Amino acid sequence: MPGSQGVATLCENPIDVFLDVSKLLITYADNILRNPNEDKYRSIRIGNTTFSTKLLPVKGAVECLFEMGFEEAETHLVFPESASVEKLRQVRETIAAERDQRLGGSKATSHPQRGRGTASPDPPPPPSAASTSSASAAPVPTPAPAALPFASSSVTFLRTLQSNFQHVMVYESPELQQKALSCIPHVLLRSNAKERLKQAKDADPACGLEEEDMLVLDLLQWFKGDFFSWVDSLPCSRCRGKTQPSGSLPPSNDDMRWDAGRVENHYCQTCQLSTRFPRYNNPEKLLETRRGRCGEWANCFTLCCRAVGLEARYIWDSTDHVWTEVYSQSQRRWLHCDSCENGYDKPLLYEVGWGKKLSYILAFSKDQVVDVTWRYSCKHSEVLSRRTQVSEIWLLRTLNNLNASRQQSLGPERKKQLLERLLVEQVEFISPKTPKSGELGGRITGSLAWRAARGEMGSSKNKADADECVFIPSESEKEKMLFHICYNVAKDCYFRLSNGSETIAGWQRGLWRKENVFRKEEHDWQMVYLARTEGSSIGKISWKFDCASVGMKIKSVSVRAFSQTFHSGSVRWSLRSAQTTVDFPGDGEMHSAASLSGGTELVVEAELTGGEGDLSWQHAQLFRESLKETEKVLFELLIEMEQP
């Protein structure tokens, strides 16, 4: 099967791993092919021991299942009724052919029973480039022309390019932009952006950023916190209970009107009722539904960016993710923006944090399509080895032709501007970047099972070792033997009072680690707080201080924090060093911990749990305060230091 990225990745595993997993994948496929009418073979439980221990950790294995036609559900992978059995058969036979090569071609591959009237199987495809077997061991000869494997896949790739390039023109409709603008609190967001910029310039007079840079941050925060919601499975439309994705349903005329060619069937076992989930691709409809997965999120967010006047483009990743880029005039570069993750300027998040095996990433705007793969990778040679779907020459020529056609009506100044930007990008792409601390975490949106099935949890090493901000005393603080910091949730700023009143804008920029926590602004109630992400059962957030590197130790610690709970929600506050852990209440009062004296590092942590019903995430809150209360501080840490 030419261009099978999943099989090519699977072949990169050691031979014993490949043989074990390929046998399991062939078994999954054969069960469906031999028993096409039995539902039990169309569903694989992600928590199943065989799946979770033998298949899930192996690179390429889950990708092969997706290529066969399996789709993600909350706790299962499901092969829907609408999936192509022929596609499943092709992937199955590709894996079987690769398996035969590694077994030395000594065994014939047994094919599953076929229905009456079905043609004999096509010969297996040529061996993958990842195969280490000799040509003589292959069951069929490898075609000589090097370009042959690209012939069929290039047609599919071209359709993808043309479809996305045409789709982004929807965002340019003045009527649609006006409709989007009516949904956005743009006056408030611009006011917040001005205040954020003022704080940044107060902290650093040489700051060259502009209001538009800050507006992106506020738009991202509003979109994720207040406007759009993630869908794993919809509640039952009758009893509001939990449903299970169960294949697809035929789209209605109204679905098709809003570009929903696929409709998921979310089935309630209690009511025996199907709740329809049309996967709308029209951003106008998404302004009404305000829900979906990454496709809907990126689609609607890119429109919102254009509506507030930001220059934005839609980013398509061949490994099944989409997001947005926004152009910064002040920085003269395109900035990564992932509305699902509230992620800003973290381009290595997917490769390093989520562990994705990238190959093709394309940026689509009204005037241009650009191959931006290299912005999102620090492993250029690995990515290049996986770009086997089309030839590099074909891709370059195709993009040039598409751009030339689209830019025919543009004036010389705009063409010159686009060319200059493109040249700046190409220079940026030459040298792989070094990952930043904020790019080391796994994916946070979607159910645990869904993220695990997609292999986007991030490695355990990243989760254990990824550090964000660690506060280390400056020379001034060392001389004063004092570290004093506080956080204002309404202004969303830290004030490092012991270091010349240094200002750090943004709650995440002062964190050491966080898990399932976000900042929520309630514009109707004019309140703001930190809480768990919706759907999560536990949230953690922590700040870290370390004075060992400057030759000091802790003399005393005082901390003040405020948290609020509702119903059965719970917040546990703790201070810990390498030797001891001390709990303290989040009652807004200052608390001291003498037992922490003598240590060299300190972690302050809040753990949010409990709550009831669909709003349980909201029943444990940190620093709840009025947006108008801009001077009140609800988190403060004071550390006195001494010489060892």
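Along each chain, numbering runs from 1 in the same order as the chain's sequence is written. Reporting of local features is limited, given that this is a predicted model, to residues whose pLDDT is at least 70; pairs of side-chain atoms are given and counted only at 80 or more, and all residues count toward the totals for whole chains, interfaces and linings. Each side-chain value is derived from all of the structure's non-hydrogen atoms; neither hydrogens nor water enter the calculation.

**Describing the pairing of strand β7 (residues 273-278)**
DSSP-based pairing: two strands are paired if at least 2 bridges between them are found. Helix and strand assignments come from DSSP, with helices taken as H or I runs of at least 4 residues and strands as E runs of at least 2, each series counted from the N terminus. As paired elements, strand β6 (residues 263-268) and β7 share six bridges and run antiparallel to each other. Looking at the pairing, H266 lines up with T275 of β7. Between β6 and the antiparallel strand that follows it, β7, lie four residues; Q272 among them carries a positive phi value of about 50°.

**So, helix α8 (residues 186-203)**
Multiplying one less than the number of residues by 1.5 Å gives the expected span of a helix. Here α8 is 18 residues long and its end C-alpha atoms lie 25 Å apart, about the 26 Å a rise of 1.5 Å per residue gives. Every buried residue belonging to α8 is among L189, A193, R196, L197, Q199 and A200, and all of these are buried. The arc enclosing the buried residues of α8, seen along the axis, measures out at 160°, which places them on a common side. Exposed side chains of α8 directed beyond 90 degrees from the buried face belong to V187, K194 and D202. Buried residues along α8 sit in contact with α9 (211-227) and β17 (493-496). Under the scheme applied here, a residue whose accessible area is under 20% of the maximum for its type counts as buried, over 50% as exposed, and between as partly exposed, the area being computed with a 1.4 Å probe on protein chains only. Note: the arc covers the axis-to-C-beta directions of the helix. In what follows, residue pairs with any heavy atoms lying within 4.5 Å of each other are defined as contacts.

**Observations regarding the side chain of R406**
Along the chain, R406 turns up in helix α15 (residues 392-406). Put simply, R406 is tucked away with no salt bridge, and the nearest opposite charge, on D367, sits 6.3 Å away. Throughout this description, a polar contact denotes any pair of N or O atoms lying within 3.5 Å of each other; where both atoms belong to protein, one of them has to be capable of donating a hydrogen while the other can accept it, and for residues adjacent in sequence the pair is counted only when both atoms sit in side chains. A distance of 3.0 Å separates a polar atom in the side chain of R406 from the backbone oxygen of F165. The positive count covers Lys and Arg only, the negative count covers Asp and Glu only, and His and the chain ends enter neither. Should a side-chain nitrogen of Lys or Arg be within 4 Å of a carboxyl oxygen of Asp or Glu, the pair is scored as a salt bridge.

**What about the nonpolar core?**
Residues L219, F223 and L362 are the most contacted members of the largest nonpolar core, which totals 55 residues. Element by element, the count of residues in this core is highest for helix α12 (residues 294-307), at nine residues. With sequence-adjacent residues up to four places away left out, L219 is seen in contact with I184, L189, F301, C304, C305, V308 and L310. Remark: nonpolar core denotes a set of buried residues (Ala, Val, Leu, Ile, Met, Phe, Trp, Tyr, Cys) joined through side-chain atoms within 4.5 Å.

**Details of the sheet that holds strand β1 (residues 43-45)**
Spatially, β1-β3-β2 is the arrangement adopted by the three strands of the open sheet, whose pairing is antiparallel. Each end of this open sheet is capped by a strand with a single partner; those strands are β1 and β2 (71-72). Taken together, the two bridges between β2 and strand β3 (residues 76-78) define a ladder with antiparallel strand orientation. Paired with E72 across the two strands is L77, which belongs to β3.

**Overview of the pattern of salt bridges**
A side chain with one charge may pair with a side chain of the opposite charge, provided their charged atoms come close. All told, the structure shown has 46 salt bridges when counted by the stated rule. Salt-bridge contacts for D226 lead to K520; the nearest nitrogen and oxygen are separated by 2.9 Å. Residue D226 is located in helix α9, and its partner K520 is located in strand β20 (residues 517-522); the two are separated by 294 residues in the primary sequence. Across the pair E625 and K632 runs a salt bridge, and its minimum N-O distance is 3.8 Å. Here E625 falls in the buried class, since its relative accessible area comes to 10%. Overlapping salt bridges, with partners in common, bring together E71, R262, E264, R279, R293 and E296 in one network.

**Topic: the sheet that holds β6**
Strand order in the open sheet formed by three strands is β5-β6-β7, and the pairing between neighbours is antiparallel. A single partner strand is all that each edge strand has here, and the edge strands are β5 (244-249) and β7. Neighbour-to-neighbour, the strand axes of this sheet turn through a mean angle of 35°, independent of strand direction. As a rule, the C-alpha atoms of each element are fitted with a line to give its axis, helices using only the stretch in contact, and angles between N-to-C directions run from 0 to 180 degrees.

**Thoughts on the packing of helix α7 (residues 174-183) against α12**
Where α7 meets α12, the closest approach of the two axes is 9 Å, and the angle between their N-to-C directions is 95°. Taken as axis vectors, α7 and α12 run roughly perpendicular relative to one another. For the pair α7 and α12, the contacting residues are L176, Q177, A180 and L181 in the first and L303, R306 and A307 in the second. Here the term charged refers only to Asp, Glu, Lys and Arg, the term nonpolar to Ala, Val, Leu, Ile, Met, Phe, Trp, Tyr, Cys and Pro, and the term polar to all other amino acids, Gly among them. Partitioning the contact of α7 with α12 into residue classes produces five nonpolar, one polar and one charged. Throughout this description, any angle smaller than 35 degrees is read as roughly parallel, any larger than 145 degrees as roughly antiparallel, any in the 65 to 115 degree range as roughly perpendicular, and the remainder as oblique.

**Observations regarding the confidence of the model for the chain**
The predictor's confidence in any single residue is recorded as pLDDT, a number from 0 to 100. For the chain, the average pLDDT comes to 84, and 86% of its residues sit at 70 or higher. Considering only residues more than four positions removed or in separate chains, one finds that residues 105-152, a stretch of pLDDT under 50, has 58 contacts.

**Focus on the packing of helix α2 (residues 15-34) against helix α4 (residues 61-68)**
Look at α2 against α4: their axes get within 11 Å of each other, and the N-to-C directions meet at 20°. The pairing of α2 with α4 is recorded here as roughly parallel in orientation. Considering how the two elements wind past one another, α2 and α4 form a crossing that is right-handed. Residues V21, L25, Y28 and A29 of α2 form the contact with α4, whose participating residues are A61, C64, L65 and M68. Partitioning the contact of α2 with α4 into residue classes produces eight nonpolar, no polar and no charged. Should the near helix be turned anticlockwise from the far one by less than a right angle, the crossing is left-handed, and should it be turned clockwise, the crossing is right-handed.

**Brief notes about the packing of aromatic side chains**
Geometry of aromatic contacts follows a simple scheme: Phe, Tyr and Trp rings, the Trp one being its six-membered ring, pair when their centres are within 6.5 Å, and the pair is stacked under 30 degrees between planes, edge-to-face over 60, tilted otherwise. Evaluation of the coordinates by the stated rule reveals 31 aromatic pairs. Summarising the aromatic geometry, the rings of W543 and W573 are spaced 6.3 Å apart at their centres and angled 15° between planes, so their arrangement reads as stacked. Remark: W573 occurs in strand β24 (residues 570-576) and W543 occurs in strand β22 (residues 538-546); sequence separation between them is 30 residues. According to the relative accessible area criterion, W543 is buried, its value standing at 4%. Look at W573 and you get buried, because its relative accessible area is 1%.

**Section: the environment of E288**
Note that E288 resides in helix α11 (residues 283-289). With a relative accessible area of 45%, E288 lands in the partly exposed category. Spatially, the C-alpha atom of E288 lies 9.3 Å from that of C183, the residues being 105 residues apart in sequence.

**Quick notes on the state of the cysteines**
What counts as a disulfide here is a pair of cysteine sulfur atoms lying within 2.5 Å. Throughout the structure, instances matching the rule amount to zero disulfides. C236 takes part in no disulfide bond, and the closest cysteine sulfur, belonging to C239, lies 3.8 Å away.

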